[in-house]
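Architecture and fold: a report
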Amino acid sequence: SDTSETFDLVVIGSGPGGYVCAVKAAQLGLKVAVVEKRATYGGTCLNVGCIPSKALLHASEMFAEASHGFADLGVKVTPELDLPTMLAHKDKTVRANTDGVAFLFKKNKITGVTGAGRIVKAGEVEVTAEDGAKRTLKTKAICIATGSSVAGIPGLDVAFDRDTIVSSDDAIALKKVPATMVVVGGGVIGLELGSVWSRLGARVTVVEYLDKILGPMDADVSTQFQKLLVKQGFHFKLGARVTAVAKSSAGASVTFEPAQGGAAETLEAEVVLIATGRKPYTDGLGLQDAGVSLDKAGRVEIDAHYRTNVEGIYAIGDVVKGPMLAHKAEDEGIALAEILAGQKGHVNYAVIPSVVYTSPEVASVGQTEEELKKNGVAYKVGKFPFSANGRARAMLHTDGFVKVLADAKTDRVLGAHIVGHGAGEMIAEAAVLMEFGGSSEDLARTCHAHPTMSEAVREAAFAAFAKPIHM
Ligand code: FAD
């Protein structure tokens, strides 16, 4: 039977966008429900994305360090891989995080509704549970936070089988280490999960359409980082257009040809990971019937205040334009909740850090050198290598560098790019600086604890505004 309940806000999707929006809205006094079709809250990020991949990246990095890194520190060990325990660590990490979201819902008196949500019209969401039971939620506002799903390869019908031809969903749960792996796509997800299995013993080859890995990253960063991955045993086929992925006796085969045309090549592997990106997910949401417009890329179209073209229906996160990142989705969730509560929520899209959790890590915020050139901005570059940093030497983590880009006239920092151990943590200081409109001189004149990796960030800032001390 159909029972109706009335809310101020119904959020569809409990990923970082949806659950954070719900928590913030509840904190601001709104009556909130969240509809989630998965059995657990947390969306892609907590269940099959950020969190499980980081659990495996950390564990496999410890294995790799024990295998090759400890000896030079005078620690002799002969590590043995226990993959089931490593996977159990990942599962426990996921569970702790998804349980954490359930706890936050309870704490903030948010109604969680399990089932697939469909927008009947503005003000009305119908939820269908797995057993077919339906429930209608009446609401003043609807937030679409349905995220994204695996994109596949444009123009190719890839037959994912969860075993040999896999997406990231299954590459975080392989039951044994494949001897060989081909990763299609040299972006963040491919390089992170490729790193996990490479460290555990797989021979990994990355096939990438562009002639660089990490497409949107600063070219200096991509070039340096690729060299470091090659040292770790990665193989690369760049400028390669994949024309076929098929099952084979060895597992699966990937056929590709030079992007500009030429002779085709085929690689065989036990496992092929397709990591060519993600697409906005709006299946079954009823957007067409509700009259909600999508853009050409299939994303829900929004204005600067997350409003769709239908009054009372909003959208945030991976399902709208912008970088597909958990913290971008979260910040949009907070901004929308504030707007709905009558405040002035907003997100500064110029300062959204992005991190690749490989070894070493890669982190970036603001504009790349290529973007500054394209935009005709006069800029200064300050660079500093970790090989000249005392703490990095002490830890044997001397790979990589910091690059600070500042406006040539005003000295305002416009971008920061780091390849190095702990880059993902260090980028936060550049983000804070940029949020406050700081200059490279501001950064260089800020006292940094010694000895820390962060001193390299300061030295790069010194290099941009004057001269580095230690080089
Ligand atoms: P999602 O997290 O995708 O959540 C959407 C939720 O909506 C899902 O749970 C889905 O089941 C639910 N849903 C969809 N339709 C309906 C419906 N009709 N009714 C009910 N529920 C519905 N980002 C980072 O910032 N850092 C990382 O380290 C990182 N690592 C990643 C690693 C991997 C392997 C992957 C795949 C992604 C990674 N990401 C990372 C990206 C990140 O996961 C996404 O940017 C983020 O999850 C987007 O959040 P969201 O709330 O928009 O959507």
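Labelled according to an unreviewed UniProt entry, the protein appears under the name Dihydrolipoyl dehydrogenase, originating from Aureimonas ureilytica. The annotation that UniProt attaches to the protein under Sequence similarities (unreviewed entry) is "Belongs to the class-I pyridine nucleotide-disulfide oxidoreductase family." One UniProt comment on the protein, placed under Catalytic activity (unreviewed entry), says "N(6)-[(R)-dihydrolipoyl]-L-lysyl-[protein] + NAD(+) = N(6)-[(R)-lipoyl]-L-lysyl-[protein] + NADH + H(+)".

**Regarding the packing of helix 3 (residues 50-69) against helix 4 (residues 83-107)**
Packing of helix 3 against helix 4 leaves a shortest axis separation of 9 Å and a crossing angle of 140°. Remark: the crossing between helix 3 and helix 4 carries right-handed chirality. Between helix 3, through Ile51, Pro52, Ala55, Leu56 and Ala59, and helix 4, the contact on the second element is made entirely by Met86, His89, Lys90, Thr93, Val94 and Asn97. Taken together, the residues of the contact of helix 3 with helix 4 break down into seven nonpolar, three polar and one charged.

**Brief notes about the site of the ligand**
Taken together, 37 residues form the shell around the ligand, and within it Gly13, Gly15, Gly43, Gly147 and Gly317 come nearest. Taken together, the residues that form the shell around the ligand break down as 16 nonpolar, 17 polar and four charged.

**Regarding the UniProt feature "binding site: NAD(+)" (unreviewed entry) in the protein**
When the UniProt feature table is mapped onto this chain, "binding site: NAD(+)" (unreviewed entry) is found at Gly185, Gly186, Gly187, Val188, Ile189, Gly190, Leu191, Glu192, Glu208 and Gly277. Sequence-wise these annotated residues cover 93 residues; spatially they are packed, their C-alpha atoms never more than 14.5 Å apart. Structurally, Gly186 is set in the loop between strand 9 (180-184) and helix 6 (188-199). Accessibility expressed as a C-beta count within 10 Å gives 27 for Gly186, which makes it buried. With sequence-adjacent residues up to four places away left out, Gly186 is seen in contact with Leu191, Val206, Glu208, Ile213 and Leu214. Locating Leu191 in the fold gives a position in helix 6. Apart from the residues lying within four places of it in its own chain, the contact partners of Leu191 are Gly186, Ile213, Val356 and Thr358.

Cut-offs used in this document
- Residues numbered from 1 in each chain as written.
- Predicted model: local features only at pLDDT ≥ 70, side-chain atom pairs only at ≥ 80, totals over all residues.
- UniProt positions renumbered as here; feature names shortened; annotations may be inferred.
- Axes fitted to C-alpha atoms, helices over the stretch in contact; angles between N-to-C directions.
- Helix = DSSP H or I, 4+ residues; strand = E, 2+ residues; numbered from the N terminus.
- Left-handed = near helix turned anticlockwise from the far one by under 90°.
- Contact = placed C-beta atoms within 7 Å.
- Nonpolar A, V, L, I, M, F, W, Y, C, P; charged D, E, K, R; others polar.
- Near = placed C-beta within 6 Å.
- Buried ≥ 20, exposed ≤ 12 C-beta atoms within 10 Å, placed from the backbone.

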